[in-house]
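# Observations on chain architecture
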Amino acid sequence: MMKQLPLLLLFSLLTGKLSACTHAVSRVIATEGTDAVLPCSPSTRVNLQDKLFDWKKVGQGGETLQEVFMYDSAVYYERNSGQSEQFKGRVSHFQTELKQGNASIIIRKTKVIDSGSYTCVFPRLQPRQEFCIELIVGASPEPYVTILEESKDRSLLQCLVRGAFPEPKVEWWDSSGNILPAAEPHVSKAGDSYDVILQTTVTKTDNYSCVATQEEINHQTKPAHIYVHLNGAATKPHVTILKTEDGLKVQCEILGASPKPLLQWKDSSGNIVPAAEPQVSERGGSYDLILQTTVTKTDNYHCVVTQEEINHRTEAEIYVSAQW
Ligand SMILES: *[C@@H]1O[C@H](CO)[C@@H](O)[C@H](O)[C@H]1NC(C)=O
Ligand SMILES: *[C@@H]1O[C@H](CO)[C@@H](O)[C@H](O)[C@H]1NC(C)=O
């Protein structure tokens, strides 16, 4: 036994394996608080009712960390004192499956700390058989977003994801789904899970979102939204076609702009399409405007939004077919 240890260590060093499973036969993913079945069956279908099998949780160097469960001809390990406290009262085998050679166990109410490599060993089978199973218990808290600092033309936003496992990738998105440049996330380990803080500075009025992704468990949180209202530079207007009794109308809508912008409809040659006065409403010093105009020919129409005071201009276009 003593001689095998350095060899095993050398092997882990050479292969650079972090996990004790050099050949994990399966990987099980569970969400914290749910039950997980760790599968195991010997390569030959033997009736296991009068056999012995032993489940252990193993460390990164292959050393045994904890006794999880032992079945020994109906003398459950749970009745011995050897079972780790962590697993007391949470693990059982499937009695009716033993005949089919099924040595799977179920771990109830999984915790993040249960994540890791497990071995399932049949020490008395000839030859001895051993299997390695990986368990990942994921915790996926939703992001929490705040504005840390705000000035006239920029805002420092913070996204906090607390108690996640595995380590999530955290991103800030704008309302069009573009990923925003951000500083390196600040990651700290709190017990078995991770706290991640990601900050970004934005300079435009928009509805921003923070999202946490955990690729290993194929999970993405719901986005957490935060609306940032900056110097009022208008965002792209929202343009639509309306069918009315008087014919076709195009509508241009802008929300939360300050100072009050000028809205104009133009045709594809840049000529202004005559329109009535826009509807204007004000809330907290910023303006919502709607400008409608009747169109009679097929064209690509542009709604141009201008805020001369802050030297800002944005536009959106819409194609109208007069055949409608
Ligand atoms: C072993 O039993 C468990 C629990 O009933 C089941 O989920 C699993 O599929 C079985 N495995 C095999 C190889 O039959
Ligand atoms: C931000 O966008 C989300 C998703 O589109 C929406 O549910 C939310 O109401 C928006 N928030 C504001 C303040 O506009």
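Report follows, based on the coordinates. (Residues numbered from 1 in each chain as written. Chains lettered and ligands numbered in written order. Predicted model: local features only at pLDDT ≥ 70, side-chain atom pairs only at ≥ 80, totals over all residues. Heavy atoms only, no water.)

## With respect to the site of ligand 2
Neighbouring ligand 2 are the residues Asn 207, His 225 and Tyr 227. The separation between an oxygen atom of ligand 2 and a polar side-chain atom of Asn 207 is 2.3 Å. (Near = heavy atom within 4 Å. Polar contact = N/O pair within 3.5 Å; in protein donor to acceptor, adjacent residues only side chain to side chain.)

## Focus on the site of ligand 1
Neighbouring ligand 1 are Ser 41, Phe 94, Glu 97, Asn 102 and Ser 104. The class makeup of the residues in the shell around ligand 1 is one nonpolar, three polar and one charged. (Nonpolar A, V, L, I, M, F, W, Y, C, P; charged D, E, K, R; others polar.)

## Overview of unusual backbone geometry
Cis geometry is found at the peptide bond from Gln 126 to Pro 127, where omega equals -10°. Here Pro 127 is to be found in the loop between strand E8 (116–122) and strand E9 (129–138). Ser 258 connects to Pro 259 through a cis peptide bond whose omega is 0°. Here the phi dihedral of Asn 218 falls at roughly 55°; this positive angle occurs in a residue that is not glycine. Mapped onto the fold, Asn 218 is located in the loop between strand E15 (206–214) and strand E16 (219–220). (Helix = DSSP H or I, 4+ residues; strand = E, 2+ residues; numbered from the N terminus.)

## Brief notes about the state of the cysteines
A full pass over the atoms with the stated rule returns three disulfides. The disulfide partner of Cys 252 is Cys 303, and the S-S distance across this bridge is 1.9 Å. Where Cys 252 bonds to Cys 303 through sulfur, the torsion about that S-S bond is close to -75°, and the disulfide is left-handed. Here Cys 252 is found in strand E19 (residues 247–257), whereas its partner Cys 303 is found in strand E23 (residues 299–307), with 51 residues between them in sequence. Here Cys 252 matches Cys 303 in class, with each residue buried. (Disulfide = S-S within 2.5 Å. Buried < 20%, exposed > 50% of the residue type's maximum accessible area, 1.4 Å probe, protein only.)

## Digging into the nonpolar core
Leu 38, Phe 53, Trp 55 and Phe 122 are the most contacted members of the largest nonpolar core, which totals 25 residues. Those elements giving two or more residues to this core turn out to be strand E1 (24–31), strand E2 (36–38), strand E3 (52–58), strand E4 (64–72), strand E7 (105–107), E8 and E9. For this core, the element with the highest residue contribution is E9, accounting for four residues. The contact partners of Phe 122, leaving out residues within four places of it in the chain, are Cys 40, Ser 41, Pro 42, Leu 48, Leu 52, Phe 53, Ala 103, Arg 128, Gln 129 and Phe 131. Judged by nonpolar contacts, the second largest core, of 24 residues, contains Ala 139, Val 161, Ala 224 and Ile 226. (Core = buried A, V, L, I, M, F, W, Y, C linked by side-chain atoms within 4.5 Å. Contact = heavy atoms within 4.5 Å.)

## Structural notes on the environment of Gln 214
Among the structural elements, Gln 214 can be located in strand E15. Sequence-wise, Gln 214 and Ala 164 are 50 residues apart; in three dimensions their C-alpha atoms are separated by 8.9 Å. Ignoring sequence-local partners within four residues, the contact set of Gln 214 consists of Ala 139, Ser 140, Ala 164, Phe 165, Pro 166, Pro 168 and His 219.

## Overview of the side chain of His 93
Residue position: His 93 is located in strand E6 (residues 91–93). Looking at His 93, its side chain comes within polar contact range of the side chain of Gln 95, at 2.8 Å.

## Brief notes about the environment of Gly 163
Counting through the fold element by element, Gly 163 comes out in strand E11 (residues 155–164). Between the C-alpha atom of Gly 163 and that of Ser 193, which follows or precedes it by 30 residues, the distance is 5.0 Å.

## Observations regarding the sheet that holds strand E24 (residues 312–320)
A sheet is described by the order of its strands in space; here three strands give the open sequence E20-E23-E24, paired in antiparallel fashion. A single partner strand is all that each edge strand has here, and the edge strands are strand E20 (262–266) and E24. The average angle at which neighbouring strand axes cross in this sheet is 15°, direction not considered. Across five bridges, E20 lies against E23 in antiparallel orientation. The residue of E23 that forms the bridge with Gln 264 is Val 304. (Pairing = 2+ DSSP bridges. Axes fitted to C-alpha atoms, helices over the stretch in contact; angles between N-to-C directions.)

## Notes on the pairing of E19
A large share of E19 lies buried, amounting to eight of its eleven residues. Examined bridge by bridge, strand E18 (residues 238–244) and E19 share seven bridges and lie antiparallel to one another. Each bridged residue has a counterpart across the sheet, and for His 238 the counterpart in E19 is Glu 253. Bridge analysis of E19 against strand E22 (residues 286–295) gives eight bridges, and the strand direction is antiparallel. Among the inter-strand pairings, Glu 253 is bridged to a residue of E22, identified as Ile 290.

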